[in-house]
Amino acid sequence: MYTVMNSSTDESYHRWDAEAMARCGKQLGVTIEQQSVPAAQVMTKALRMASSKSLPDIIQFDASEMPTFADAGGLVDLKSIGLSTQDIPEGIVDFGSYKGTYYGAARSVNTLALFYNKDLLDQAGVPVPTTWDELREAAKKLTQGKRYGLALSAGGAEDGVFQFMPFMWSNGGDESKLDSPQVAQALDYWKALLADGSLSKSTVNWTQADVNDQFMAGNAAMMINGPWQVETLNTDKSLHWEIAQIPVPKAGDDSVGPLGGAILTVPNTGDEQREKTAGKIVACLSSQQEQLTYALNSWMVPANSKAAAVWREKVPELDALADQVAVARSRTAQLGAGWSSVSLALQSAFQSALTGESSEAALKRAQQRATSGN
C-alpha cells in the first residue's frame, strides 16, 4: 500500500485523484490510497509526520510551500529516481525546483487572466483592454450604479499577493526589491483604479472566491481570476464570459503572471526501494495522458507542453490562459523559503496603501519587514 497526502478535500478533486490513482496502481501493480487534508494543514501535518518518521510515500504540496520542506532536507531529487523534465517549459521546471534541484512534478498549472462579461462590454461598446491605459478607461466606462468596472482581490492573504504579481512583474518589478519605483507604480495603478471608483472599496477584504461571486452577481463587468472558477461560472448559462491576457503597462510588453498549482513530491523516508516506486507513481500521475485528463476535469493547463497543445484544441475558450502560462513565473524561484516573509510584507503594504498611505511609504516598510524576516 502506497499513500499520497494531498489537499483534494473537494468532492470532485478527490474523485478525480482517486480515479487517477486507481489507473496508475493497476498499471504499476500496487495499491495507492489518498489522504486528503485541508490545504492550509498540509505543511504542518507533513512537518509533524517527518518528526515522528511516519511520512506518506508522496506529498502533494502547493508549490509555494515546497521550498520550506526541501530546505529542511525532507525531499528526494526526482531526477535521481528516474523522472524526466522533457517537454516541460522552463518556468514550470523552476516551479517544482529548489536551489536548482527538481523536487516536484506538476500535473497541471494555473495562472490568472482577465475574465470579462461579453454582453456588458458589447453593450458599452468597450473593446477588450490590452494595456493599463485601456483597462483603466474600460473600467471607468463599465462602472455604473451598483456595478464596478473591475473586481480583483487585494485582501491581506496570499490571494491578494497572487493578484498583484502580474501588475508588479509586467512592470519590471522584483520581489527582492519591494521599494523600487516599478513596484510602486504597479501599486499606484491599483490606487488609481480605486480612486476612479472602478474598484469597490471592499477590494481590500476580498478573496478570489469573493471576486468571482461579485462577477457572477453582475456587480463587476471584468475580473482578475483563475481557471479554478470556470466550473462555478459555467453553472450560470445566462452569463457570457470570455478571457484575455491581463493588460500590460504598454503594448508589446509580456503579461507575466504567477504560476499556481500543486506539485507531487517524494519525501525522504530512507527506504530507497519505496522511494523508487513512489517515483514511478509520480511519473504515472504526471504522464502526458494523466495530465490531460486532470486538466480537462479541473480547467487547469497541463504542465507538459505536448499535453497543453492538445488541451488548447479541446478548450479553445481558454486559449489565452495557455499563452499566459507559457511566460508565467514561480513565486518562489528567486527567493525560495524567503518568499513567505515577502508575501506577508506585501499583504500589509496593500492594506495600508489602498486605505490612504502612499505606495512609497508602504513599500519601504514592506522591504524592511521582508529583509528582517518578521
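Nothing here was measured: the structure is a model prediction, and the numbers come from that model.

Looking now at the layout of surface pockets. Space inside the largest pocket adds up to approximately 1200 Å³. Taken together, 39 residues form the lining of the largest pocket, with Ser7, Ala39, Asp62, Asn110 and Gly261 sitting closest to its centre. Taken together, the elements giving at least two residues each to the lining of the largest pocket come down to strand E3 (58-62), helix H7 (158-170), helix H9 (208-216), helix H10 (230-233), strand E12 (262-265) and helix H15 (339-354). Grouping the constituent residues of the lining of the largest pocket by class yields 15 nonpolar, 16 polar and eight charged.

Enumeration over the complete set of coordinates arrives at one disulfide. Note that Cys24 is cross-linked by a disulfide to Cys284, the S-S spacing being 2.0 Å. As the torsion about the S-S bond is roughly -85°, the Cys24-Cys284 disulfide counts as left-handed. With Cys24 in helix H1 (residues 11-28) and Cys284 in helix H11 (residues 272-285), the pair connects residues that are 260 residues apart, well separated along the chain. Cys24 gets classed as buried once you look at its relative accessible area, which sits at 0%.

Let us look at the sheet that holds strand E1 (residues 2-6). In spatial order, the strands read E2-E1-E3-E12-E6; together these five strands make up an open sheet with mixed pairing. Lying at the two open borders of the sheet, with one neighbouring strand each, are strand E2 (32-36) and strand E6 (105-106). The pairing of E6 with E12 spans two bridges and is classified as antiparallel. Each residue of the ladder has a partner; that of Ala106, found in E12, is Ile263. The strands that H1 touches are E1 and E2; relative to E2, the one it contacts most, it runs at about 160°.

Cut-offs applied
- Position numbers for residues start from 1 in each chain and track the written sequence from start to end.
- Predicted model: local features are reported for residues with pLDDT of at least 70 only, side-chain atom pairs are reported and counted for 80 or more only, and whole-chain, interface and lining totals are derived from all residues.
- Water and hydrogen atoms were dropped before computing side-chain values, which therefore reflect all heavy atoms in the structure.
- Here a cavity denotes grid points, spaced 1 Å and computed from the protein atoms alone, that fit a 1.4 Å probe unable to get out, and a pocket denotes an open set having protein on both sides within 12 Å along at least 5 of 7 lines; residues with an atom within 4 Å of a point are the lining.
- Grid points are joined across faces, edges and corners, and a volume is the space filled by probe spheres set on the points.
- We count a stretch as a helix when DSSP gives it H or I for four or more residues in a row; a strand needs E for two or more, and each element gets its number in order from the N terminus.
- Residues are sorted three ways: Asp, Glu, Lys and Arg are charged, Ala, Val, Leu, Ile, Met, Phe, Trp, Tyr, Cys and Pro are nonpolar, and all the rest, Gly among them, are polar.
- Pairs of cysteine sulfur atoms within 2.5 Å are what we label disulfides.
- When a residue's accessible area, from a 1.4 Å probe over protein chains only, is under 20% of the maximum for its type it is buried; when over 50% it is exposed; and in between it is partly exposed.
- At least two DSSP bridges between two strands are needed for those strands to be called paired.
- What makes two residues a contact is simply this: any of their non-hydrogen atoms within 4.5 Å.
- Axis geometry follows a simple rule: fit a line to the C-alpha atoms, using only the stretch in contact for helices, then measure angles between N-to-C directions, giving values from 0 to 180 degrees.

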